[in-house]
Structure formats: C-alpha cells, structure tokens
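Close look at the chain arrangement
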Amino acid sequence: MKPAPFAYRKVRSLDEAVALLGETPDARLLAGGQSLMATLNMRLSAPSLLIDINGLSGLDGIAHKNGQGSGFVEIGALARHVQAERSATIAKLAPLIARAMPLVGHPAIRNRGTLGGSIAFADPAAELPACLLALDGEVDAQGPKGKRTIKAGDYFKGLYETALGPQEILTAIRLPAADSNTRIGFAELARRHGDYAIVGLAASARADGKGLKDVRLAYFGVGNTPLRAEKSEAALAHGDVDGAVAALDLDPHDDIQATGAVKKHLAGVLLRRVAAQLMEQRP
Amino acid sequence: MKITADTPPVLSVLDRPNSYIGRAVPRPNLQRLTQGRGQYISDVTLPRMAHVAYLRSPHAHARIVSIATDAAKKAPGVVAVVTGAELAKVMTPWVGVLTHLKGIKSAPQAPIAVDRACWQGEAVCAVVARTRAQAEDACELIDIVYEELPAVTNPETALDPGTPVIHESLGDNLCFERKLDVGEVDKAFANSDAVVEATFVTGRHTGVCTEGRAVVADWNASEQRMTVYHATQAPHMMQNLFAKHLALSESQVRVLTKDVGGSFGIKVHTYADEMATVALSKLLKRPVKFVADRIESFVTDIHARDHRIKAKIGVTKDGVITAFEIDDLTGIGPYSVYPRTSGIEANQVINLTGGPYNCPNYRAQARVVFQNKNVMCQYRAVGHPIAVAVTEGLVELAAAKIGMDPLEIRRRNLFADDGYPAQTASGLKLEQLSHHEALAHLDAMINYAGLRAEQKALRDKGIYRGIGFASFIEVTNPSAAFYGVGGAKITSQDGATVKLDAQGAITIHSGVTEQGQGAEAVLAQCVASSFGVSMDRVRVVTGDTDNTPYGGGTWASRAAGIGGEAAWQAGKALRGNVLAVAGAMLQAKPEDLDIRNSIVVDKTTGAERLGLDELARVAYFRPDTLPPGFQAELMVTRHYVPRAWPFAFTNGIQASYLEVDTDTGFVKLLRHWCVEDCGTIINPQLVNEQIRGGVVQGIGAALFEQCLYDERGQMLNGNMADYLVPMAVEMPDIDCGHVVSPTADSELGAKGAGEAGTAGAPACIMNAINDALRPLNAQPLTDMPFTPGKILRALGKV
C-alpha cells in the first residue's frame, strides 16, 4: 500500500498549476486528497507529478453573491466539507448542501476533503455532484485560455468524466441562493453511515401555490453520472407521486452492494420519501 | 453506545482482604497503549533491517510458467528477489492435518508458491528491499508468465467427477468428512407432530484486525539463532513451527510478541508469507520485516464460516424436540491451514449443533472441500455461530410452526440446571450449565412481555419489529483433547512465574498473550489477589519464548481460565515462600501470617508485622541473618492444564430487538442483550467488553460482512470500502447479564468469555428478522448476511 514514485510541486498560483498541467499531461491536482491518496496507495493510479493546490489563497471562501433572483452562494473549490457543514450561509441559502453534508463520508474525511475536489472527481455515487445537478448550479474553471463557467447540466459527461479540459482547474461552485419558495429534498440509503449510498436522491423545486414547479430530481449511485429523472419531475410537478415513481426510467447496473433491480426499487422508495419532503409546507 | 450491565455477582470464596477477583480494575497496560507507547511489530526497527513485499497471484489457479526477475533485481534499494523454488531450499513445506480428524488430507504447502498458484493472493515471488515502497516498486518489474488453470469455486460441485481436482496427489477435492448418527433419528422424525426443514447459509467472512499480520525475523548467523518479533496469539507454537521447517532446534528460535492489535483467531495460524519472511531472514542473514497491508490481508488472512447446511428438526405439539439432522458442506481454500487444520470448523458444527438441548436423536454429516479461494480456518467462536444459527433457527421455526412462544419451547428442551453432569447427543461432556437461570434472567432483563406488547401495537401502525433469541454453549479452556491428541505441538497447558523483587514488588511472566483483550489485567488481578499486593505493585511480562513459561497463548477463550489459574496458583505458592521468610525473620509460624496490601500481617488480628520491602531487603542482601540452612525462594512457577473435562463449556442466551423497514429491506438494530455464564468473573468490565465486541462481530456476520468471490475465484470486495465491517453508528446498545457457575476443575473456577457474543449474535439477529416479517408471510431468511436485497426478495418486492 505504498504509492508508486511521483514528483510533488506545491504551487503559488493558479497560473502556475495550469502551466504545470500543460507540461505534464499525467499530472494530478492534489486538494483534499480523500479519493486521490487512496487510489495512489492502492496503485490504481500512478501520476508522475502531484500538483498541490492547497496553498492557494482565496479559493476557500463561502459567500452570498448578488445576482439574478435572490443571488448565488459561491463556494471556493478549496473549501473543506467541514466548512460547508458549519457555514451559516450554507445552512440558510443552500439547505440542500447542508442536508447532504453530514452524509458525506466521516468527520475525518470531511475535515480534509474539499467541495471542489468532490465535484471535479465527479464520483457518480457521491452526494455533492447530485446536489449540484439538482440545484442547477454551475462551476467556474480556469485554464490556459482563461476562465469560463459551466452549467451543471453540461458538466457531467461520463464515469469520472467532466467537461473540464485536461489543463482546466475547477475554481468555484455557484448555486442559486434559496428563498422562501425554495423546496428541497434529500435521502439516501447506505448500509453503514458514511458509506457511498446504494441509491441517493437530491431534489429541488419551487413552491407554486399549493403545488410545485421547476422540480429537479438528481439520483446518485444509479449510473455513470448523477442522473436527472425528468419524466418523474414532470409528474411530481402535477402532484402525482405514483405517476412519478412509475415514470422512473433508471436502469442501474448491478454492483457489489445491490443488484440493479434492488437499486431501481429503492429509487422508487426514495422518490416517495423525497416527494413528501418537497411537499412539506414551510411555516 | 450506552453501557449497562449487571452488578457483578457476589465475590466468591476466593475473596481475600485485598482481592481483585470480581472487580473492574483498569488494565495495567492502558496508559502505555493510550499514550502511543505500545510496541507493535511496525514499531520494531533493527539495524540492517530490510522490508519484504510479496508479488501475489492475480489468478485463482495458474501454472507458473516462468518468472523473470532481472529488472527487479536492478531496481533501487533491492536486496534480493527470491522465488518459491529458491526459498524451498531454505524451508520445508507443511501439511495441515491432525490425526484425530480421521481421514483429513491436504497437500504440502510451500512458503512461496513453487510451480502453481492455487488462490488469488498467494505469494509467488518475494522482493526484499531497503524500504517497503522500494520493494513494491520492484514487484512491478517482475514478469511472470502464467498458464491459467480452471478454478474450483463452487463447493456444491467440488466433488463431482467433472470438476478438476486441485491437488492430483490427493485424488479428489475432499479434505475431510465426518458422519454421526446417534439415537433413533428416523423413528423420532416419524413420531414428530411437526418437522421443519431449512437450508442455512453462513457467509464467508474474515476477522478484520486493527493491526494487520506482521513479523520481523532476525537470523543471527553468529549465534545460529532466529529471533522472530511476531504479532501472534501463540508464540510457543510458532517457535516450534519456525524451528521445524528451518531444520533448527527450538532452542535456536525465540519468538517475541509484545502488543498485538487484535487477533480474533486470525493470528493463530501458519501463514505462508510469514513463514517466507522468516526463511528470507535466514537466507539473507539480516532482519526482514513483513507487515500485511489491507489489500493483501483480505486475500491472505484466513477466511471462515463459508457453510451451507441443510437442516431438519422434529417437534411434538407440546414443543418437545425429537431430533436434529444436518448436512454441512463447506468450501475451504486449496490447503488445510497448518497446524490447526481447516477441518475443525465443520467438526465443531457437528459437535455443537443441538448443544443446549436435551435431545438424544441426532444425525449429522459434514464435508469439507477444497476451493481455489483464500484459505479458511478458525476465527473467533470457531463453528459456534454456524451451529447456533442452525440450531436456534430451527428451534424458532419449529416454535412458529406449532404456535409456541420461542422462549417456552426452549424452556421445554434446554438441559435442566440441576441435571449435570450431562452429555449432548454429539458426546460433549457438560460439567455445570445454567440455561434456565440465564433464560429467566434474560426474560426479566428485556421485559419480554412488555416488548411483545410494544411489537404488537406497532405492527398495527405498519412498523415491523422483531424479537429473536439464541441459546448457546461455548467451548472454553480446552484440554489436550483439542489439538494435542491430534499430534499438533500446541500445548493446552499454561504457566506463570512470579517473582518478588528486591523492593517487594511482583513480576509475572506468563505463557498467555495480550492481544488487546486485557489478559495482562486478568493475570495481575489473579496474582495480586492470591499473593496479597495491590495492583500497582504487579508488572506483567508476556510473549517471549526465552523468558516466559511454556504455554499455549491466547485462543479458544483460554487466557483467563487457564493462564489465570496458573497465575493464581503461582501467587499462592509465592505467598507461602514469602511467609516462610517472614516466619524466619519474625520467629513466627508462617501459617499464622498473611500478606495483605504488601504487608505481612498477623493472620487473625491483621496487625502489621513486616513490610515486603524490608523482607526483600533481608532476603536478597542480608541472607546471612536468616537461620542456618534456610534458603529464601522468591520466584516460583506453577502450571495448570484442565484435566477433569475436555472443555469447560459455558452457556448463555442472547436477545435482539430490531426493526425492518419493509420498503427498503434495511434493518435497524434497536437493542441487544446477552446473559452468559462464564463461571467465576475475574473482571466484569473485561468480560462485558468481550461479550459486546463478540456480539458486534456476530452482527457483522448477520448483516454486513461477506467475502464475495466470482466464479473465477476473484475476490470482489477485498478492501475496507466494499467489505463492510460493522461500525459504531449501526450498533445497538448491548446489555450484559451474568449467571455464575464456576468450574470445579480449577480453584479460580473461571471459564472463558471471549467467544460467547460471536457465537449467539448471528442466530439472534436472524430470528429477530424472521419474527418481524412473520405477519407478512415472508419466506424465512436463512442466508447470511441479510442484505436489503435478500430481505426485499423475501418480501416479494423485487
């Protein structure tokens, strides 16, 4: 369980990191290291260079920014999970993230792991990528051609594959700030607390009178990326929970913890539970 | 986890003025461990020490066509690259058989595979380098050409004529077979009012130790002596085996075992990679360290419990059990593990099934077959969780079938508390058990009537809770009947040497070992009590074959019952010797004196006569002042081995209360109880910790843990993310209760407590799940572990 030899550089700027990624195509960025270090130690990956971005300043903020509607919550890529977990801004304006956070690994993992790292790694069974998709958020990236913003819907491309280019670095996550009409729901089923879930569901919607609109259901643990269940979203917007469950068109593969059939059944159970959360009226 | 337990039972006749027997005193090694000053193998660093990494077979079964090592030999830091053929010249192979397991057979196993790898994970080449990282780097440069062979991975077809034979020399894939037919089984079934049949499956799993297997071997060519620092349960057994297979005498081998980070039976076997490490040290004439990492632990630490048991019970309508019948099939690895064999587990399943019940009719068959998977052998509570699952599963299914309460059916069949000595149908001799008292204690402890009422009320609201029980017996304090009679050099005896030092403090050297379970605390308590000093005046030394009495070590719940008795007797003998000195100094009769709290006192009045420090000063430095011809003997050794009974059986009963989410198939454990009888309780806190830890490992078996293999013999979940060990959050409160029936075989009267929790918990969880789902007409669940998927299938939801 010793990693293969690698070179290590601690960078002082994003530009330096971007340049190094260009020079060494198999280099990997080191942020919290909670996924990367395990794969290195198991020799599942053997990059020749680790680029440590932990020393970069200004990338770990969590702030409310003005913008469309009630504005945005902007989370720097190096913000640790524990910061988000304890953030009053997140609790108030990104309650879905607050709800998911205690289920991300264990405290030791949350102390080191970063939100940017989780989104950049894009594990299809992880909570945060699904939350990003459910909230219709976006990410900022910086590369050799400068900065750009990628919508969540365009971001997840395949298994551990994202829209980020080989030299691009994710720098921030931006989520629409919640207001009084925001509804969220979150549930996951893991055999042990802190494990990757067998199936999970992150959801957001907007109250529309007594009903819902803009329903977004993002499943995790059921495919190569977090997956929207768009037909079910439409049914749920009409208040039809049975219809939403019937419309679930997921086709999960078997994995070590559960068969695809079990996952699909559980996805339906979660949909009912999350629908109930979405329909709960706030005081 | 909330900790609640019975008040310790009243102190026994062993109680002396400053007795620690029956008291929860802190462990003497606590500060050392909590301050990070334990000495584990990873802490051992010796001059010129090199590290070995093993290249392991990626195939379950493959011929090794060629091994190209040139590139690896040139890699940075590499000391040597050694193949199985090269190491075979240094160390002889072994065969894991015992003569009392009639007909058991296995093939010779080499420290490193020579021509053929027989399971995924078997070491095929060693790289010794200055660091472990360099050794692992060089492993990647070794080029091995394999010719893949068909893998035998299904126990059900292992004996079919069309299945390849793993070891041609053995003729077939059968390792061991045993049959038993007692009483009139067919007649008993024919006369039963109900017969229940079920097939039970216990999942292959392993004991995940906090500290992985580890060894540092140091061959000193100048002394022609091998010193092995070894995380093992049985240093003297390993001394014998290292010597035997290196063609040395035992006096040329010293095994040192300091702190061990958990063992659970995992560290009581001969592992090829550990043997290879010792052989490499001899070959290279320098210290070599091997520390198994998690990935290799999962494919080399022994697995256990992979059994399929077809089982049958007969009952009358009055709930009298008429007969048990079982057919056990278990798939071990390609070799029977040395020296305890991989036949013991199935043998124990036959011995223990039906064990708590007075039922004379019993038929059993067990077959142990070879597989191209990691080896299986003895893990905590060997065979017990399987036998208890089968027995208790059948009993509760039978109770349900005749409409009888599960505790009532037990009351009608458990051996009567006043009917001992007794013998089980399988021939186990029982000295004194307390099934009925334990059951009555549990009934009250859990408020059974109240729980049933709550269960019923919640069912009306669609909440499905279950209550499950498991009565059990547990093998502890084994005599020579376990291994010695079968020809293994594994002693069932243990010893303790106690010494009064020149300032009046006590040192104990014991043959049992500390694995983290608190054996050193128990030894100190025994000697402090029988000799007469406070705990802070006692130091314990274990795990050094050069310096401790010859002993068996720690396994089969023997450390307290056997090692404790030897220590108790040694303390008593030293007290006699010290009082002889005191008598000479005080011109008093030794029998009129006693030692209390480190002071020699007048036995009747308690008046202080002489401090031990003063006594030691005179004995060691002014012996000239003692009477002519008097010689003080301030160091004594005593040994103990159980003789009257082959084993000191313990008993108990567990209960589980849980809730099944019938939508998801998830099980939430609400509470767990265990009432057990381990005889005299030396340290109630340590006993309760053993029970709780054991229950947790049993819960692991029932709900979480399984080594999953595909049909090609590849382990699919050999890492800590995919192999689910039970974690604190999912564990319920575990309440412990006690009944005390001391064994008369020792003065102390202590039996073992290390495995009772593991023995009963899986059956208990299984019965509780089936109890919860009974109103839903779910198929009874008998295939462990009970995953959400299996529960949903039983409910017909997927």
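Since the structure is predicted, the reported quantities are computational estimates derived from the model, not experimental observations.

**A closer look at the overall build of chain A**
From N to C terminus, chain A includes 12 helices and 14 strands. For a compact globule of 283 residues, the expected C-alpha radius of gyration is about 19 Å, and chain A comes in at 19 Å, within 12% of that figure. In terms of principal-axis extent, the alpha carbons of chain A reach across some 55 × 45 × 30 Å. Across the 283 residues that make up chain A, the buried fraction comes to 54%. For chain A, the accessible surface area stands at approximately 12,400 Å², while carbon and sulfur atoms represent 51% of it. Distance from the positive charge centre (33 side chains) to the negative charge centre (30 side chains) of chain A: 4 Å.

**Comments concerning the interface of chain A and chain B**
Facing the 24 residues of chain A at the interface are 33 residues of chain B. In this assembly, chain A packs against chain B so that about 2,300 Å² is buried in total across both faces, 63% of it on carbon and sulfur atoms. Between chain A and chain B we count four salt bridges in total. In this structure, Arg 43 of chain A and Asp 137 of chain B form a salt bridge, with 2.6 Å as the shortest nitrogen-oxygen distance. If you look at where chain A meets chain B, you find 11 residue pairs in polar contact (both at pLDDT 80 or more). Residue composition of the side of chain A that touches chain B, by class: 13 nonpolar, five polar and six charged.

**Remarks on the pattern of salt bridges**
Under the definition given, this model contains 60 salt bridges over all chains. Residue Glu 138 of chain A is joined to Lys 151 of chain A by a salt bridge in which the shortest nitrogen-to-oxygen separation is 3.9 Å. Here the residue Glu 138 of chain A occupies a position in strand 6 (residues 138-143), and Lys 151 of chain A occupies one in strand 7 (residues 146-151), the gap between them amounting to 13 residues. Of the residues examined, Glu 138 of chain A reaches a relative accessible area of 14% and is grouped as buried. Judged by relative accessible area, which is 37%, Lys 151 of chain A ranks as partly exposed. In this structure, Glu 747 of chain B engages Lys 572 of chain B in a salt bridge whose closest nitrogen and oxygen atoms are separated by 2.8 Å. Placement of the pair is Glu 747 of chain B in the loop between strand 30 (733-738) and helix 18 (756-773) and Lys 572 of chain B in helix 15 (residues 559-586), with a sequence separation of 175 residues. A residue is classified by how much of its surface remains accessible, and Lys 572 of chain B, at 29% relative accessible area, is partly exposed. Each of Arg 43 of chain A together with Arg 56, Arg 132, Glu 136, Asp 137, Glu 140, Arg 213, Asp 273, Glu 274, Asp 293, Glu 296 and Asp 301 of chain B takes part in salt bridges that share partners, so that together they form one network.

**As for the sheet that holds strand 21 (residues 494-500) of chain B**
Residue and element names in this part refer to chain B. A sheet is described by the order of its strands in space; here four strands give the open sequence 23-22-21-27, paired in mixed fashion. The sheet is open, and its two borders are formed by strand 23 (538-542) and strand 27 (635-640), each paired with just one other strand. When the angles between neighbouring strand axes are averaged without regard to direction, this sheet yields 20°. Examined bridge by bridge, strand 22 (residues 506-510) and strand 23 share five bridges and lie parallel to one another. Residue pairing for strand 23: Thr 507 is matched across the bridge by Arg 539. Across the face of the sheet, helix 15 comes into contact with strand 21, strand 22 and strand 27 while running at roughly 145° to strand 27.

**Some thoughts on the domain arrangement of chain A**
All names here are of chain A. Under the domain assignment used here, chain A contains domain 1 (7-52), domain 2 (63-176) and domain 3 (182-279). Averaged C-alpha coordinates put domain 2 and domain 3 at centres separated by 20 Å. With 25 residues of domain 2 in contact, the opposing surface of domain 3 contributes 23 residues. Buried area between domain 2 and domain 3, summed over both chains or domains, comes out near 2,100 Å², and the portion from carbon and sulfur atoms is 65%. The largest share of the area that domain 2 buries against domain 3 comes from Arg 99, Pro 124 and Leu 133, three residues that together contribute 25% of it. Across the salt bridge formed by Asp 136 and Arg 216, the nearest N and O atoms sit 3.5 Å from each other.

**Considering the pairing of strand 28 (residues 650-660) of chain B**
All names here are of chain B. Along strand 28, 10 of the 11 residues are buried, which leaves the element largely enclosed by surrounding structure. Pairing of strand 20 (residues 464-474) with strand 28 involves 11 bridges; the strand directions are antiparallel. Bridged to Phe 472 within strand 28 is Gly 652. As judged from the 10 bridges shared by strand 28 and strand 29 (residues 667-677), these two strands associate in the antiparallel manner. Bridging from a neighbouring strand, Gly 652 pairs with Glu 676 of strand 29. The turn linking strand 28 back onto strand 29 is made up of six residues, and Gly 665 within it adopts a positive phi angle of 80°.

**Concerning helix 18 of chain B**
Taking 1.5 Å as the rise per residue, helix 18 of chain B with 18 residues should run 26 Å; its terminal C-alpha atoms sit 27 Å apart, in good agreement. Among the 18 residues that make up helix 18 of chain B, 18 are buried, leaving the element largely enclosed by the rest of the structure.

**Considering unusual backbone geometry**
Residues other than glycine predominantly adopt negative phi, and peptide bonds predominantly adopt the trans conformation. Residues and elements named next belong to chain B. The step from Tyr 338 to Pro 339 runs through a cis peptide bond, and the omega angle for that step is -5°. Among the secondary structure elements, Pro 339 is positioned in the loop between strand 16 (321-331) and helix 9 (344-352). Put simply, Met 784 and Pro 785 share a cis peptide bond, and its omega is -5°. Positionally, Pro 785 belongs in the loop between helix 18 and helix 19 (788-794). Even without a glycine there, the phi angle at Asn 477 is positive, about 45°. Considering the arrangement of structural elements, one finds Asn 477 in the loop between strand 20 and strand 21. For Ser 598, which is not glycine, the phi torsion reads 75° and is therefore positive. With respect to the secondary-structure elements, Ser 598 resides in the loop between strand 24 (593-596) and strand 25 (599-602).

Analysis parameters
- Residues numbered from 1 in each chain as written.
- Chains lettered and ligands numbered in written order.
- Predicted model: local features only at pLDDT ≥ 70, side-chain atom pairs only at ≥ 80, totals over all residues.
- Heavy atoms only, no water.
- Helix = DSSP H or I, 4+ residues; strand = E, 2+ residues; numbered from the N terminus.
- Rg over C-alpha atoms; globule rule 2.2 N^0.38 Å.
- Buried < 20%, exposed > 50% of the residue type's maximum accessible area, 1.4 Å probe, protein only.
- Areas by Shrake-Rupley, 256 points an atom, 1.4 Å probe, with all protein chains shown as cover.
- Lys, Arg positive; Asp, Glu negative; His and termini not counted.
- Charge placed at Lys NZ, Arg CZ, Asp CG, Glu CD.
- Contact = heavy atoms within 4.5 Å.
- Buried area = accessible area lost by both parts, 1.4 Å probe.
- Salt bridge = Lys/Arg side-chain N within 4 Å of Asp/Glu carboxyl O.
- Polar contact = N/O pair within 3.5 Å; in protein donor to acceptor, adjacent residues only side chain to side chain.
- Nonpolar A, V, L, I, M, F, W, Y, C, P; charged D, E, K, R; others polar.
- Pairing = 2+ DSSP bridges.
- Axes fitted to C-alpha atoms, helices over the stretch in contact; angles between N-to-C directions.
- Domains from an automatic or database assignment.
- Expected span 1.5 Å × (residues − 1).

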